Amino acid sequence: MEPNFHTLSQTTGLAVVDPVENRRVSLLTDTPVSPANIDETELSLPVDSACSITTDRIRVPYPVAVHIREADGDYITTVDTDVDRRFSTDEYILELQAPVKLYLRVQTSFVITQYCDSGLTVQFDDKVSVAVGARVYHSQPTTTITVPDDEQVVMKAVAQLSSGLKTTSPERAWPTQRGHPPRLELGADLNIPDGVNRPNTDVTLAIPPEYPYIFSAAPLSYYLAADLQAVDGTRPELLAGDTMLTRFRSDIDAFADEVADLLQRILALDCVVRTEGHDRSQLYERAILEDATELDLAVLYDAEPTTRLETYLEVPDRVVEEIQPTWHRVTHVRPDTDVVELLPYIVNDLSLVKIASRSGEWTPSAIETAGMDALDAFVRSPNLRAKASASGFTRSKNLIRSGDEMLSTKGVPGKGGYVPLPDSDTVERAWVGERAPLRGTKLLPEAFESEEVQTSDGVVEVVVICNDDRMREEWETVTNIYGSRHHLQMQVDCQFNVSTTELQNLLARDVDVLHFIGHIDGEGFACPDGVVDTADVETVNASTILLNGCRSYNQGQMLVEEGASAAIVSLSDLWNDGAVEVGEVLAKLLQSGFTVGTVLELIRQYTSLGSQYVVLGDPGVTAVESGSGPPTLYRVDTETTDSKKALVEPVAYPSRSFGIGSTVQPLLTSCGEFRIAGGRCGKEEVPIDALSDIVQAGNLVVINGEMMWGEWTLPEQ
């Protein structure tokens, strides 16, 4: 479905809606507008749909990156924050990096202003016709390759995943230029549909025709549009034509590390080189590369893929490390057939891939061993009642004693049912396999096959259910949180003490978020008139589900298998105060546009019980758009040597709308340039009295290690 346009109902202006990803941008106007459909070709840049409106002013209530272009699309300049600038009469295209990418074509003079607290305003000298074009960020498989369970044949199919790329130039670093790979479906014979063709780059990865090498190499093969060539008895190689560019180690762990490092290197360098193309905004990493090397970026931009790749390999490691973003995810997989059908979705997110043994075993680190021991001790601890008493009560419906030991493992994997994932420098970790990860997301194929919740109005629908009066505190707090972003249209439905029938009806509704607060265990959801076991639920249409009750793992897995995209679930009994804290932080993170995979990692860092939760399904799901860029957390340290200053560090987290390769412009006084999104975006000491002007109250802030939101205040010095 293409983006659509309609007038705003509660104020004057134009709503631009992506009905598949449920993204919405409001262009506010002073007087009512009537959008009229126009041909997309009236915009000189690629758009999915277009309309025209007549107005003398357009406003977006939050800051967005704006690139000013000539009528033919040539770049003129980028408008930053704290700007008040006039453009003389001419024909322009204004490119807005909003949740739905927008292009405004006008022929007039105008003044553009942008401030952190008031957002973007474009004031035309008179009422003019504005052509509005929209391009959506989402991508889904458009075709299916059928492949048998034969490693050599699977390798041929995986080589065709790069048919989804829209370009092999450095522009491929933009997520919008990386189309979704075809689905892979297991069948009797190989069937590659007509029209599925890997771009011809003359780049080849020569690897053994074995699942561990195929799976590890898949993201790099996709990004490079590289062919996969089967070799036996020799070390894997990267080739440009017949020329060997680099040789990899044969050990599978070393090979997986090396192809992951190479992918991160190439994308980071592409992000810099593409500044010679359509987007010439000032990039922080470009200055680093230019200072450290003598690369001719303009020549590299126009070079053949093999020439560019060869040059990239010569850039010193220390320079690459300075410009690389923190990668968003690593997915650990077993080298089995079960991974084949999930591989296109892993590749689409450009996740790194590492290989577990067929048993799924690692030798855990000391930290991982401690975590496993702690989890096992927690769910079986005879002191659980004492902990619960000190913090109120647990959210377990039934705690069964056997002798002196508390047995509270019903509803979650039993002893031996967990797998530790190796330490990683990425933001998130994911797992494909039978057991439950102790940390991160367990990918389930049904999550990627479920139909998207589609909307025509862009309203985000949230249902909050509380089935225990003692848990009302979380119910009331998260309800307020979900509805607190004023520039978003969110419809929050609050339900209390729902019956078994009502709960099943709510699970069947097309909603973006369903947040359940109550008692859950191996039997199901506790309701006033009985228990709902998900195994008996016929229809699940809720997209993201939080089950904030004890031992909700098994119930959540069944919900995803029945139609949900993602479920955030618990691995143990939860004492109520800790669960309330998790529920509140989780609601704020979802409401701020973070993916469920990132949400999980942040609640581990900033809540007392976060380590007892995992995600099941698709870790890339988001409930709402984050605004004009990837969701960003601002870390503030007031414990500095100067009591009148605070140290501010923005940290950006990629999402599907603003994936790895996107850029972000941190809200810092000295930061006029963009940075590659992913991880820390610089540090700056700012005056305490100016902090609230830089880090707006609507942003998530961590002050001296404590997460805050809303009308946050600084601690007293």
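Scroll up for the structure.
Residues numbered from 1 in each chain as written. Predicted model: local features only at pLDDT ≥ 70, side-chain atom pairs only at ≥ 80, totals over all residues. Heavy atoms only, no water.

A. Focus on the overall build of the chain. Assigned secondary structure in the chain consists of 17 helices and 41 strands. In the chain, which comprises 717 residues, the proportion classed as buried is 62%. Contacts in the chain between residues at least 24 apart in sequence constitute 70% of all its contacts with a sequence separation of at least 6. Carbon and sulfur atoms provide 42% of the accessible area of the chain, an area that totals close to 27200 Å². (Helix = DSSP H or I, 4+ residues; strand = E, 2+ residues; numbered from the N terminus. Buried < 20%, exposed > 50% of the residue type's maximum accessible area, 1.4 Å probe, protein only. Contact = heavy atoms within 4.5 Å. Areas by Shrake-Rupley, 256 points an atom, 1.4 Å probe, with all protein chains shown as cover.)

B. A look at the packing of aromatic side chains. For the structure on display, the rule yields 11 aromatic pairs. Through successive ring pairs, a cluster of aromatic residues spans Phe-87, Tyr-92, Phe-110 and Phe-124. If you follow Arg-472 out to its NZ or CZ, it ends over the ring of Phe-496, 4.3 Å from the centre. Geometry around Tyr-284 places Arg-675 over its ring, the cationic atom sitting 3.6 Å from the centre. (Phe/Tyr/Trp six-rings, centres within 6.5 Å; stacked < 30°, edge-to-face > 60°. Lys NZ or Arg CZ within 6 Å of the ring centre and 35° of its normal.)

C. Region of interest: the sheet that holds strand β17 (residues 329–333). Spatially, β18-β17-β22-β24-β33-β32-β31-β27-β25-β26 is the arrangement adopted by the 10 strands of the open sheet, whose pairing is mixed. At either end of the open sheet lies a strand with only one pairing partner, and these are β18 (352–355) and β26 (490–496). Sheet topology note: the β17/strand β22 (residues 428–432) ladder contains five bridges and is parallel. Within β22, the position partnered with His-332 by the bridge is Trp-431. On top of the sheet, helix α2 (residues 211–224) reaches β17 and β18; it is set at about 165 degrees to β18, its chief contact. (Pairing = 2+ DSSP bridges. Axes fitted to C-alpha atoms, helices over the stretch in contact; angles between N-to-C directions.)

D. Structural context of the side chain of Glu-428. Mapped onto the elements, Glu-428 comes out in strand β22. Taking relative accessible area as the criterion, Glu-428 reaches 3% and is therefore assigned buried. A distance of 2.9 Å separates a polar atom in the side chain of Glu-428 from a polar atom in the side chain of Thr-598. Ignoring sequence-local partners within four residues, the contact set of Glu-428 consists of His-328, Arg-329, Val-330, Thr-595, Gly-597, Thr-598, Glu-601 and Pro-619. (Polar contact = N/O pair within 3.5 Å; in protein donor to acceptor, adjacent residues only side chain to side chain.)

E. View of the pattern of salt bridges. Scanning all chains against the criterion turns up 27 salt bridges. The shortest N-O distance in the salt bridge between Glu-91 and Arg-105 comes to 2.8 Å. Taken together, the residues Glu-91 in strand β8 (residues 83–96) and Arg-105 in strand β9 (residues 101–115) connect sequence positions 14 residues apart. By relative accessible area, Glu-91 is classed as partly exposed at 27%. (Salt bridge = Lys/Arg side-chain N within 4 Å of Asp/Glu carboxyl O.)

F. Structural context of the pairing of strand β6 (residues 66–70). Of all five residues making up β6, four are buried, and the element is well covered by its neighbours. Pairing of β6 with strand β7 (residues 75–79) involves four bridges; the strand directions are antiparallel. From the neighbouring strand, Val-66 faces β7, where its bridge partner is Val-79. As judged from the five bridges shared by β6 and β8, these two strands associate in the antiparallel manner.

G. Layout of the sheet that holds strand β28 (residues 520–521). Read across the sheet, three strands follow the order β28-β29-β30 without closing on themselves; strand pairing throughout is antiparallel. Edge positions in the sheet fall to β28 and β30 (530–532), since each of these pairs with one other strand and no more. Across the sheet, helix α13 (residues 500–508) lies against β29 (524–527) and β30, angled at about 20 degrees from β30, the strand it touches most.

H. Helix α3 (residues 252–273), seen in detail. Under the 1.5 Å per step criterion, the end-to-end length of α3 is 31 Å for 22 residues, consistent within 8% with the ideal 32 Å. Most of α3 sits inside the fold, with 17 of its 22 residues counted as buried. One side-chain oxygen at the N-terminal end of α3 lies 3.2 Å from the backbone nitrogen of Asp-253; it belongs to Asp-251. (Expected span 1.5 Å × (residues − 1).)

I. Summary view of the nonpolar core. In terms of nonpolar packing, the biggest core is built from 112 residues, with Val-158, Phe-215, Leu-238, Leu-503, Leu-514 and Ile-545 touching the most fellow members. A per-element tally of this core places α3 first, with 12 residues. When neighbours within four sequence positions are excluded, Leu-514 is seen to be in contact with Val-463, Ile-465, Leu-506, Leu-507, Ala-542, Thr-544, Ile-545 and Leu-546. Of all hydrophobic cores here, the second largest spans 46 residues; its members include Val-462, Val-478, Val-513 and Leu-633. (Core = buried A, V, L, I, M, F, W, Y, C linked by side-chain atoms within 4.5 Å.)

J. Expanded view of a negative patch on the surface. Together, Glu-2, Asp-39, Glu-40 and Glu-42 give the surface a local cluster of negative charge. Mapped onto the elements, Glu-42 comes out in the loop between β4 (36–37) and β5 (49–60). On the basis of relative accessibility, which here comes to 43%, the residue Glu-42 falls in the partly exposed class. (Patch = residues over 30% accessible without salt bridge, like charges linked within 9 Å, V, L, I, M, F, W, Y side chains within 5 Å. Lys, Arg positive; Asp, Glu negative; His and termini not counted. Charge placed at Lys NZ, Arg CZ, Asp CG, Glu CD.)

K. Geometry of the pairing of strand β13 (residues 203–207). Across the five residues of β13, five count as buried, placing the element largely inside the fold. Alternating positions in β13 separate into two faces, Val-203, Leu-205 and Ile-207 on one and Thr-204 and Ala-206 on the other, with burial throughout. Bridge analysis of β13 against strand β15 (residues 237–240) gives four bridges, and the strand direction is antiparallel. In the sheet register, Ala-206 faces β15, and the bridge partner there is Glu-237. Inspection of the sheet shows β13 paired to strand β14 (residues 227–230) by four bridges, in the parallel sense. If you follow Ala-206 over to β14, its bridge partner there is Gln-229. In the classification by handedness, the crossover that spans β13, the intervening α2 and the parallel β14 is right-handed. (Right-handed = clockwise from strand over helix to strand, strands pointing away.)

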